[in-house]
Amino acid sequence: MPRQANILAVVPPNDQPEGLVRRLEAFGAAVHTASDCLSAMGLVKSEDLDLIVITSCPGQFNLADTARVLKSIRTDRFIPVLAVLERDLAPERRNAILEAGVDEVVHGDTGDETLHYRLHAALRLKGAYDQVYQVRDDLDRTLARETALLKQLREDNRALKVRSITDGLTALYNYRYLIEWTKTEFKISRRYGHELSMIIIDLDHFKRVNDQHGHPFGDYVLKEVAVILKRCARESDLVARYAGDEFALVCPRTGHKEVQTLAKRILAACRKHKFLAGGERVAITLSLGAATYPADPEVISPELLVFLADQALYHSKRQGRNATASWHEIDPDTRVAIRRELRGPDNPLLAEDPKSRLELAAAARLVGTGAEMTSLHVRRTEPHAEP
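All of the points below concern the structure found in this document.

Conventions adopted
- Residues numbered from 1 in each chain as written.
- Predicted model: local features only at pLDDT ≥ 70, side-chain atom pairs only at ≥ 80, totals over all residues.
- Heavy atoms only, no water.
- Phe/Tyr/Trp six-rings, centres within 6.5 Å; stacked < 30°, edge-to-face > 60°.
- Helix = DSSP H or I, 4+ residues; strand = E, 2+ residues; numbered from the N terminus.
- Buried < 20%, exposed > 50% of the residue type's maximum accessible area, 1.4 Å probe, protein only.
- Contact = heavy atoms within 4.5 Å.
- Core = buried A, V, L, I, M, F, W, Y, C linked by side-chain atoms within 4.5 Å.
- Salt bridge = Lys/Arg side-chain N within 4 Å of Asp/Glu carboxyl O.

## Side note on the packing of aromatic side chains
- For the structure on display, the rule yields six aromatic pairs.
- Aromatic pair Phe217 and Tyr220: ring centres 5.5 Å apart, planes at 40 degrees, arrangement tilted. With a gap of three residues between them, Phe217 and Tyr220 both fall in helix H8 (residues 215–232), about one helical turn apart.
- On the basis of relative accessible area, Tyr220 is assigned to the partly exposed category, the value being 26%.

## A look at unusual backbone geometry
- Residue Pro294 follows Tyr293 across a cis peptide bond; omega there is -5 degrees.
- The backbone phi angle of His205 is positive, close to 50 degrees, even though this residue is not glycine.
- What makes His205 partly exposed here is its relative accessible area of 36%.

## Notes on the side chain of Ser316
- Mapped onto the elements of the fold, Ser316 is located in helix H10 (residues 302–318).
- Take Ser316: its relative accessible area is 1%, and that puts it in the buried class.
- Among all residues touching Ser316, those that are not within four sequence positions of it are Ser287, Leu288, Arg321, Ala323, Thr324 and Ala325.

## Some points on the nonpolar core
- Grouped together as the largest cluster of nonpolar side chains are 32 residues, with contacts concentrated most on Ile199, Leu203, Phe247, Leu249 and Leu286.
- When contributions to this core are tallied by element, the ones reaching two or more residues are strand E6 (196–203), helix H7 (206–213), H8, strand E8 (246–252), helix H9 (256–272), strand E9 (275–277) and strand E11 (286–293).
- The leading source of residues in this core is H8, at eight residues.
- Formed by 22 residues, the second largest nonpolar core is a distinct cluster that contains Ile200, Leu305, Val306 and Leu308.

## Topic: the pattern of salt bridges
- For the structure on display, the rule yields 16 salt bridges.
- The partner of Arg141 in a salt bridge is Asp138, with the nearest N and O atoms 2.2 Å apart. Residue Arg141 and its partner Asp138 are both found in helix H5 (residues 112–165); the two are separated by three residues, about one turn of the helix.
- Take Arg141: its relative accessible area is 42%, and that puts it in the partly exposed class.
- Among the residues examined, Asp138 registers a relative accessible area of 33% and is labelled partly exposed.
- The residue Lys317 makes a salt bridge to Asp202 at a minimum N-O spacing of 2.5 Å. With Lys317 in helix H10 and Asp202 in strand E6, the pair connects residues that are 115 residues apart, well separated along the chain. Asp202 matches Lys317 in its accessibility class, with the two residues each being buried.
- Three or more residues joined by partner-sharing salt bridges are found here, namely Asp50, Lys126 and Asp130.

This is how it looks when you write it as structure tokens:
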């Protein structure tokens, strides 16, 4: 044995415990004694036991109950139980004792050599179980570490994904995610015939704001505008930072009238908001441009939806800023001139799929008939615009 065995002997006083204790001590073990099940329970909890030896029926519990109770106390380890009983033990009682958790039954008149052999066998069994428990504990610790690492890895991946699609200053979605989302929503709208609108927002004279109040104040303005846009947008809308001082909203199932209502709500919220620099209110205004699929017939790809909303934004700025404009509200001659610039297979706004290329080429041929047809189309669609 690598160390002295620690044995608990549960022996009632009327069973002459001295003889059994001496035989166990002759085995080289440290022996603890208990006269009944209750006192044995305390020793099982407090001592690091290697083996429990039980004789006859200690106290108010019978031997089977005592074995079952003592076995159930230390679930974190295996403690073998050896029962020392009379030779003429009935088979039914023997089976009941073994089923209760006793690992070995030894006759009381067994010689010391046989008893020592049985003790060695029980301790070898405990050693094997100890190794199993140790391996299990090592595996549990390894699994816990791996689980913690996997959880951390998932959290890191989630954080990286959020960072890859989020603008660091405003916490809005970034340009890359905006374009991917627009492409997805455009495919859905074209497949099911839903309306899709885009609004592009630009801060008026933002360079002047930075020059007069400093770039930290400019960053503050960008963050405040991002909050305004999030509050004004609907739950289904996507709000993103388009460029330096430009933002964009993608609005599924939104037509001309609805997008103009949303744009005016954004303008009103920005005019009402107090942008403070050193306690002084600074006037911040926005210019907005919108385009809608399929109400605007030129929008035949997500790229053109973005482009035409941007053109509407420029029109809003040319009209004096602090206003909103939709593509269909631009004068016909200007729209025709812009559409003619889209001709040619090398135009970067051509969509990637062949179907969209054919549609764009067809649209370019149609606009070649002149401004008269365009003016007629404008007159037909103007009643849908905001008054």
